[in-house]
Amino acid sequence: MTYCPKCGEKIPEDALFCSKCGAKTIKGVEANVPGPSDELKAALNKMSLELEKAFSVAAKEINAAFQTASENIQKSLKKEKIVCSSCGERNPNNAIFCYKCGKKIKTK
Ligand SMILES: [Zn+2]
Ligand SMILES: [Zn+2]
């Protein structure tokens, strides 16, 4: 057994690449094998970039959904309340008379 010069992972002595981080081992360097690690890294980078993009799109959609939901809640809350033109008290939407001052609420 030997160790990866980069991440310290235990790797077989005849390994040319680290099984964990993909770095070329000393043996790999000695053997002068073309490194798939760079390609792998590029692929991983690309993948993570795409994932990041997908996540940020999803996050935006979630934010928009939350915003719409909270706007709808606020709208429905406003709908449920009718303000008394006499005392300014908030009454239920179906109120005809103000529950606080007893005056008839003018509905538009
Ligand atoms: Zn490693
Ligand atoms: Zn009132």
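Quick caveat: nothing in here was measured; it's all calculated off a predicted structure.

Analysis parameters
Residues numbered from 1 in each chain as written. Chains lettered and ligands numbered in written order. Predicted model: local features only at pLDDT ≥ 70, side-chain atom pairs only at ≥ 80, totals over all residues. Heavy atoms only, no water. Helix = DSSP H or I, 4+ residues; strand = E, 2+ residues; numbered from the N terminus. Rg over C-alpha atoms; globule rule 2.2 N^0.38 Å. Buried < 20%, exposed > 50% of the residue type's maximum accessible area, 1.4 Å probe, protein only. Contact = heavy atoms within 4.5 Å. Areas by Shrake-Rupley, 256 points an atom, 1.4 Å probe, with all protein chains shown as cover. Lys, Arg positive; Asp, Glu negative; His and termini not counted. Charge placed at Lys NZ, Arg CZ, Asp CG, Glu CD. Donors = N, O, S within 2.8 Å, 3.2 Å for Na, K, Ca; no water. Tetrahedral: all angles 85-135°; square planar, octahedral: opposite > 155°, others 65-115°. UniProt positions renumbered as here; feature names shortened; annotations may be inferred.

> How should the overall build of the chain be read in this particular structure?
Along the backbone of the chain there are two helices and four strands. The C-alpha atoms of the chain give a radius of gyration of 33 Å, which is well past the 13 Å a tight globule of 108 residues would have. By principal-axis analysis of the C-alpha atoms, the chain measures approximately 95 × 25 × 15 Å. Across the 108 residues that make up the chain, the buried fraction comes to 15%. Contacts in the chain between residues far apart in sequence, at least 24 positions, make up 2% of those at least 6 positions apart. Entry remark: accessible area of the chain is about 8,900 Å², with carbon and sulfur atoms responsible for 57%. For the chain, the distance from the average position of its 19 positive side-chain charges to the average position of its 12 negative side-chain charges is 21 Å.

> Help me out: how do you make sense of the coordination of the zinc ion (ligand 1) in this one?
Expected angles at a metal are 109.5 degrees for tetrahedral coordination by four donors and either 90 or 180 degrees for octahedral coordination by six donors. Only Cys4 (SG), Cys7 (SG), Cys18 (SG) and Cys21 (SG) from the protein reach the zinc ion (ligand 1) as donors, at distances of 2.2 to 2.3 Å. Of note is the zinc ion (ligand 1), whose four donor atoms meet at the metal with angles of 105 to 117° in an arrangement that counts as tetrahedral. One chain supplies every donor to the zinc ion (ligand 1), and in sequence these donors are spaced C-x2-C-x10-C-x2-C. In this pair, cysteine 7 is assigned in the loop between strand E1 (2-3) and strand E2 (10-11) and cysteine 21 in the loop between E2 and helix H1 (26-31), connecting sequence segments 14 residues apart.

> Help me understand the UniProt feature "domain: Zinc-ribbon" (unreviewed entry) in the chain, please; the structure alone is not making it clear to me.
Here, UniProt's "domain: Zinc-ribbon" (unreviewed entry) annotation points to residues 3-24 and 84-104. This span, residues 3-24, is 0% helix and 14% strand, and a straight line between its end C-alpha atoms measures 11 Å. As a span, residues 84-104 carries 0% helix and 14% strand, and end to end its C-alpha atoms are 8 Å apart.

> Teacher, can you tell me more about the coordination of the zinc ion (ligand 2) here?
Donor atoms from the polypeptide that coordinate the zinc ion (ligand 2) comprise Cys84 (SG), Cys87 (SG), Cys98 (SG) and Cys101 (SG), at 2.3 to 2.4 Å from the metal. Every donor counted, the four donor atoms about the zinc ion (ligand 2) form angles of 104 to 119° at the centre, which fits tetrahedral coordination. If you list the donors of the zinc ion (ligand 2) from N- to C-terminus, the spacing comes out as C-x2-C-x10-C-x2-C. Here cysteine 84 is found in the loop between strand E3 (81-83) and strand E4 (90-92), whereas its partner cysteine 101 is found in the segment after E4, with 17 residues between them in sequence.

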